[in-house]
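Observations on chain architecture
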Amino acid sequence: MGECGAPGDVNSNVLIARSTGDAQLDKAVWQWLSWDKLHRAMKEKPVLGSQPLNLLGYPYQTSHQCIWNGWGTLGKTTSHVGGNQKTKEQIESLLQNGKHKELRDRLCCRLTFGTAGLRSAMGAGFCYINDLTVIQSTQGIYKYLERCFSDFKQRGFVVGYDTRGQVTSNCSSKKLAKLTAAVLLAKDVPVYFFSTYVPTPFVPYAVQQLKAVAGVMITASHNRKEDNGYKVYWENGAQITSPHDKEIIKCIEECVEPWNGSWNENLVDTSPIRQDPLKKICDCYMEDLKKICYHRELNVQTNLKFVHTSFHGVGHDYVQLAFKAFGFQPPIPVPEQKDPDPDFSTVKCPNPEEGESVLELSLRLAEKENAKVVVATDPDADRLAVAEHQENGCWKVFTGNELAALFGWWMFSCWKENCSEDADVKNVYMLATTVSSKILRAIALKEGFHFEETLPGFKWIGSRVKDLLDNGKVVLFAFEESIGFMCGTSVLDKDGVSAAVVIAEMATYLEGKNLTLAQKLIEIYETYGYHISKTSYFLCYDPPTIKRIFEKLRNFDAPQAYPKCCGIYNILHVRDITTGYDSSQPNKKSVLPVSKSSQMITFTFQNGCVATLRTSGTEPKIKYYAEMCALPEQSDRSMLEEELQKLIEALIENFLEPGKNGLIWRSA
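Every residue gets a number counted from 1 within its own chain, in the order that chain's sequence is written. Predicted model: local features are reported for residues with pLDDT of at least 70 only, side-chain atom pairs are reported and counted for 80 or more only, and whole-chain, interface and lining totals are derived from all residues. Here the side-chain values reflect all heavy atoms present in the structure, with hydrogen atoms and water set aside.

**Focus: the pairing of strand β10 (residues 214–218)**
Counting buried positions along β10 gives five out of five residues, so the element sits mostly inside the fold. When a residue's accessible area, from a 1.4 Å probe over protein chains only, is under 20% of the maximum for its type it is buried; when over 50% it is exposed; and in between it is partly exposed. The helix count covers DSSP runs of H or I at least four residues long, the strand count covers runs of E at least two residues long, and both are numbered beginning at the N terminus. The side-chain alternation of β10 yields two buried faces, one formed by Ala 214, Val 216 and Ile 218 and the other by Gly 215 and Met 217. When DSSP finds two or more bridges between two strands, those strands count as paired. In the sheet, strand β6 (residues 157–161) pairs with β10 via five bridges, with the strands oriented parallel. Paired with Gly 160 across the bridge in β10 is Met 217. Of the pairings in the sheet, the one linking β10 to strand β11 (residues 227–234) comprises five bridges and is antiparallel in character. Bridge assignment links Val 216 to a residue of β11, and that residue is Val 232.

**Let's talk about the packing of aromatic side chains**
The way to describe two aromatic rings as a pair is by their centre distance and the angle between their planes. Two aromatic rings from Phe, Tyr or Trp, using only the six-membered ring of Trp, form a pair when their centres are within 6.5 Å; if the ring planes differ by under 30 degrees the pair is stacked, by over 60 it is edge-to-face, and anything between is tilted. As enumerated under the stated definition, the model contains 27 aromatic pairs in all. Here the aromatic rings of Trp 35 and Phe 126 are separated by 6.2 Å at their centres, their planes lie at 65 degrees, and the arrangement is edge-to-face. One end of the pair, Trp 35, is in helix α1 (residues 23–35); the other, Phe 126, is in the loop between β5 (118–121) and α4 (131–148), and 91 residues separate them in sequence. Given a relative accessible area of 2%, Phe 126 falls into the buried group. For the ring pair Phe 412 and Phe 449, a centre distance of 5.0 Å and an interplane angle of 35 degrees mean the geometry is tilted. Taken as a pair, Phe 412 in helix α14 (residues 400–418) and Phe 449 in the loop between α15 (439–447) and β19 (450–454) lie far apart in primary sequence, 37 residues in all.

**Here's the deal with the pattern of salt bridges**
Salt bridges are defined by distance alone: a side-chain nitrogen of Lys or Arg within 4 Å of a carboxyl oxygen of Asp or Glu. Throughout the structure, instances matching the rule amount to 39 salt bridges. Measuring nitrogen to oxygen at the nearest pair gives 3.2 Å for the salt bridge that ties Asp 22 to Arg 104. Placement of the pair is Asp 22 in the loop between β1 (17–18) and α1 and Arg 104 in helix α3 (residues 100–107), with a sequence separation of 82 residues. Across the salt bridge formed by Glu 402 and Arg 637, the nearest N and O atoms sit 4.0 Å from each other. Residue Glu 402 is located in helix α14, and its partner Arg 637 is located in helix α20 (residues 637–656); the two are separated by 235 residues in the primary sequence. The exposure class of Glu 402 is buried, given its relative accessible area of 8%. Residues joined in a network through salt bridges with shared partners are Lys 231, Asp 382, Glu 480 and Lys 494.

**Re the sheet that holds strand β9 (residues 191–193)**
Within a beta sheet, neighbouring strands are joined by backbone hydrogen bonds and run either parallel or antiparallel to one another. Spatial strand order, β5-β11-β10-β6-β9-β12: six strands in an open sheet with mixed pairing. At either end of the open sheet lies a strand with only one pairing partner, and these are β5 and β12 (274–275). α4 rests against β5, β6, β10 and β11 of the sheet, and its axis sits at about 5 degrees to β11. Only heavy atoms matter for contacts: two residues are in contact if any of them lie within 4.5 Å across the pair. A fitted line through C-alpha atoms serves as each axis, taken over the contacting stretch for helices, and the angle formed by two N-to-C directions is quoted from 0 to 180°. Strand contacts of helix α7 (residues 202–209): β6, β10 and β11, with the helix running at about 165 degrees to β10, the strand carrying the most contacts.

Here it is in structure tokens:
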């Protein structure tokens, strides 16, 4: 037995630590240090003298006792190797330095599925993304899929990854993907493991093409460089929704100790049941992309130039191939941002949605090259930002809602021109998340097709689109305001690669009509009614504050009473997705599913504005979305914009109260 409190020797099989005085935390520390290390797996409980044992079979402790220090006294063992030295050292360091609060924050809660799967910072801890939590998550998924699919081991599983990484945690997307594959390969599940980084849309596309039971993409999309994530797709090619997410979490909690073979990332290179789907999927994807190419002859002939930035992520090669598939010359890449860089060293944040400030390099290159349009894919290439050079010399960076108006008009116009004579417009659908612009609803009302809303997050869109397709419907387009677009239905998720080349074809077509994208957008608004929207956010790192803000809205002037006005603006209806309340419905129940795990309240005002407050599913943000929906005859845009701005100011002052609640304003 070692000395009490002596530092752990990573080259031996002795694990020594001090008690924190908190039984729950002690248990969590023991679990982490015993699972995230190179060790021998037990077949018998350790022999620890006459000390009383807890439910795990390990000694209870007091603040004066030395605990977990008897690895040399194990009974029969089997060889079991693995572990991440860096993350193990992070926990050991916190323990030795008495950082019990940080240990508790890292170890006493688990990752849960949000709007984009599991997502968190990379580092040590059960609520972080790291080797161990990815192994645990995959073991849980294996257990759940084995229960759901009798042919799991015939159909297999898809694994993809982006180019994120963190040296301090020895954590990279590729390594996490290899461990994901290892868990499954060790259980004789065939794995389609991409040999290089791919856009996120390739994973759901591959799941459908290869008829796999499910797939995982290791990515944190546009999040800050410190983050990573684990996005799960079901056999239908859509991200998982309830009840699958909840059942998988239950299975993860039942499979927290790494199995034999789970740490063996080399299985990806040696297993005969691992296949590389890269060439097949890439070829098929580019071929399918041609289904939404309607003006190839114009694309081949155009002199219009495009600049593309991949934001230090995966997009460059794939956007180049997509432009080739449409007959275009390749877009001009931004050299400083073309290749993967996990530090995203040329941008303050890797999110093209932030606008002109993060598009600086691409806009300057476009001016130099006389390119009129810039397309920017985020690091995992599932979202798209677009900027267009205007006659006044300035750049217009389109919002997600503005791009949706253009895509909606374009996809419907192309369908109308190319559909068969007996095609029924009533069979056609477009979708958007409920916090996105209602412009598609306005177009649908005038043109006769169907428009549907879903909860925020493309997982809801993907699942609903699959249902519609299975019932013989035609889905042309779907979007979320945070620059996520689905053109066509080859991929049941947002896709920046296809969106980039569709916008290029649209711009080429419009140039032939002497129109810019910005001019066409005005035409759309004049035809269907102006939809002026503004979306922004506040940062809040204190969950109790967020909860208090939303609970106040539910008990505004009295218990269980929502506000009747916001400053001078009267409220017509309130919908609370968190509780399932909707004052506009006869039974006062929301038509959209209840989502208790996140906060979201929508206010419809008497002046025609719709405003939503919600928490982000992936970041510490309170977001607000506000839109003025005008009729076609209301053409005074400046008046509408002024009214919207005043209402937003009232919303912030009366409902969010940033000064009082310590909210951090979005940086300019």
